[in-house]
Amino acid sequence: MLQRLHPWNTRVRSWLWWIVIVAIIAAMPVVYDRIQTENTSKKVEIVFDYRDLLDVAAVQPNPDAFVQEWLGKLKDAGVQSMSMYESTLSEFKSSRKIQLFNANELALLTGQPVNLQQNYTNLLFTSAENEKALAPIIRDTFTRLGYEVRSWSFKDQNGLVIEASPDQALIKPMPQDPMTMKMLHDRGFNIVPRLTDALPYDSQKTEQLLSTYSDYGVSRIIFDGESVTGFTDEADRGTLTDFANRLKEHNIGIATIENLKKPQKGIQKLSYLIDYNVVRLYSLSEQDSSLSPATISDRFSLATKDRNIRMLYLNTAPAKDLTKAELTNSLDNLVHSLQAPGHAIRDIEKHGFTMGQAEPFQVADSSLQHYLKLIVVLGAVAFIALLISYFIPLLMTPAFIIGLIGAAGLYKLKPAMLEQALALGVAISAPTIAIILVIRKTQSLREGNSNLSSGTRLVHTLIQYVKTAIISLMAVPFMIALLNNISYSLVLNQFRGVSLLHLAPIGLVALYVFLYCGDSVVKEIRRWLRMPITVIMVVAFVFAAAAGYYYLTRTGNSGNVSSLELTFRSLLENLMGVRPRNKEFLLAHPLFMAGLFISLRYAWGRFFFIIAVMGQLSMVDTFAHIHSPVIISFIRGLLGLGLGLIIGLVAILVWQIVERCWKKWSPLLEE
């Protein structure tokens, strides 16, 4: 029965490969659209946190002069924009626009006994100009929140009494200080407001606020806190939708902050509602702002070139240096990072970017893309069925048919889940199949002639090295086409299953090496089960488990990297412009070449492929980082292959020397 099915399976497998090839051709226009999209946003905006500047100025002997001096220095250094948080009474106090008094302080000021029945917030304006600008904002905010606000004065200074405790009043957000906004605009800075969702959404006030922003040329907003403006009341009042519509009317976009612990609530829906008028933002923390100028420059350069970041956000903070008994800050260091000696701006411009207000990507979406994706889906199902066929041939055709039925169902119910599942399936299938095919080829060549010359083995090694890489990279057009949505590029939606992608090919190749390279799977299972467990085997298992754990901790963006490796990465980046992955060219690719060369003569050489598959899956995984430009990912893969080839040739040479020495000296050792 099985023998009669073999010709049928062979024909079906051939047909599935043709379906895969046709799907790859269909994916190419989608890949082109993705590249076109990535070339539409080339402006990088540097934003400084104005509140941080006020915090540093507050500990200086002349705060106002300090602020004005550093605004000039930051402007000259290349900072184009200032971010402004929603104002608070605390901020007005720090900028010396008001004086605040609690009940005890008011009693000391007026010489009156403390009123034990009241714990109100009392404030005095420090000038008539401040009163004119800020009094309406303060009155309106607290009145809308249900607090009584009344006027009072002391020694010709006008002020307000807010019938709220100071602890309550100090944290209530208000619109940005109009005086500061005008001053920064007049100094030539773009304004980047930061908004919260702390207060009940008011449509009319939001419209007034956005109109003010438009008058000052605001093009983008950053959100502060766990959720975006309007999120809290969206279910009951449609506030987020209203906010989105008003943003669109004023042509104001938003920025998403990279590497938050969890996305801000409502950011995905808001991005969709404003047609993805969104850019990605990298925030340099107060702590990191004291890193060396070269390190900061490298971070900025990599963020813009490798991760589609278009806003660079600078923070600082006052600090105490007890060893010198001085107050310090990182302002000078930031300036040196942007200019000499860090030259961040120069390096960014060298990569083809210009400095200016950040712009969103203009999505290239051809009319045929929908139909082409259907062909890609068909090819992805075929690719996964092919992987199954190399382990259980009888399931190949049923797997393909069931896969098509499942894909059709998910396409109607959850298309995003379908795209991600197929992308993950293909990403696992391609490198696994590539290694299985090379294992079969080397086994066939070795059984045909176990005494192949070194030159012949080297030629076969080079051919299989290129062939295996091509088969692995066949997954790339599928991944790009299936995940070609701007939400992935902006990391509003993420490719799931990275850990599975890093483990599954290794596990499947190990399964194939241990069970499928003998006479039959059943015999191999029996042989392994009967094999006595030795101390060496236990030690090897523990070592493999530890290595696997370390390997998993290094996947993704959260892996820990030593300072030595960071230095090595920076060196590679500066030398080549694009940094290849260390595990590819230092380990997996050379191990692949050495293992292939050895396995052409010795059967045990196939065990090298269990680790070598890491290089193949790593190349595919590079393209799973959708926020990285396709061209950058492609160059990274080619550099890894090229350097891995060189190191692999060295490894083969070393093996040849070891092998010949062993042949020469082992007889003497036996004697």
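All of these numbers come straight from a predicted model, not from anything done at the bench.

A word on the pattern of salt bridges. In a structure, side chains of opposite charge can pair up when their charged atoms sit close to one another. Tallied over the full model, the rule gives 23 salt bridges. Across the salt bridge formed by Asp177 and Lys97, the nearest N and O atoms sit 3.4 Å from each other. Pair noted here: Asp177 is in the loop between α7 (166–169) and α8 (178–186) and Lys97 is in the loop between α4 (89–94) and β3 (98–101), with a separation of 80 residues, a long-range link. Accessibility expressed as a relative area gives 2% for Asp177, which makes it buried. Ionic pairing is found between Asp186 and Lys182, a salt bridge with its closest N-O pair at 2.9 Å. Taken together, the positions of Asp186 and Lys182, both in helix α8 and four residues apart, correspond to about one turn of that helix. Its relative accessible area of 45% is what places Lys182 among the partly exposed residues. Each of the salt bridges in this network shares a partner with another, and the network as a whole consists of Asp140, Arg144 and Lys205.

One finds Phe383, Ile439, Phe478, Phe592 and Phe609 to be the most contacted residues of the largest nonpolar core, which totals 80 residues. The residues contacting Phe478, other than those within four sequence positions of it, are Val20, Ala23, Ile24, Val376, Gly379, Ala380, Phe383 and Val426. In this structure, Tyr50, Val79, Tyr201 and Leu314 belong to the second largest nonpolar core, which totals 61 residues.

At a minimum axis distance of 6 Å, the contact between helix α17 (residues 396–413) and helix α18 (residues 415–448) shows a crossing angle of 135 degrees. Taken together, the axes of α17 and α18 are oblique relative to one another. Residue-level contacts link Ala407, Leu410, Tyr411 and Leu413 of α17 to Pro415, Met417 and Leu418 of α18. A breakdown of the residues in the contact of α17 with α18 according to their chemical character gives seven nonpolar, no polar and no charged.

Cut-offs and rules
Residues numbered from 1 in each chain as written. Predicted model: local features only at pLDDT ≥ 70, side-chain atom pairs only at ≥ 80, totals over all residues. Heavy atoms only, no water. Salt bridge = Lys/Arg side-chain N within 4 Å of Asp/Glu carboxyl O. Helix = DSSP H or I, 4+ residues; strand = E, 2+ residues; numbered from the N terminus. Buried < 20%, exposed > 50% of the residue type's maximum accessible area, 1.4 Å probe, protein only. Core = buried A, V, L, I, M, F, W, Y, C linked by side-chain atoms within 4.5 Å. Contact = heavy atoms within 4.5 Å. Axes fitted to C-alpha atoms, helices over the stretch in contact; angles between N-to-C directions. Parallel < 35°, antiparallel > 145°, perpendicular 65-115°, else oblique. Nonpolar A, V, L, I, M, F, W, Y, C, P; charged D, E, K, R; others polar.

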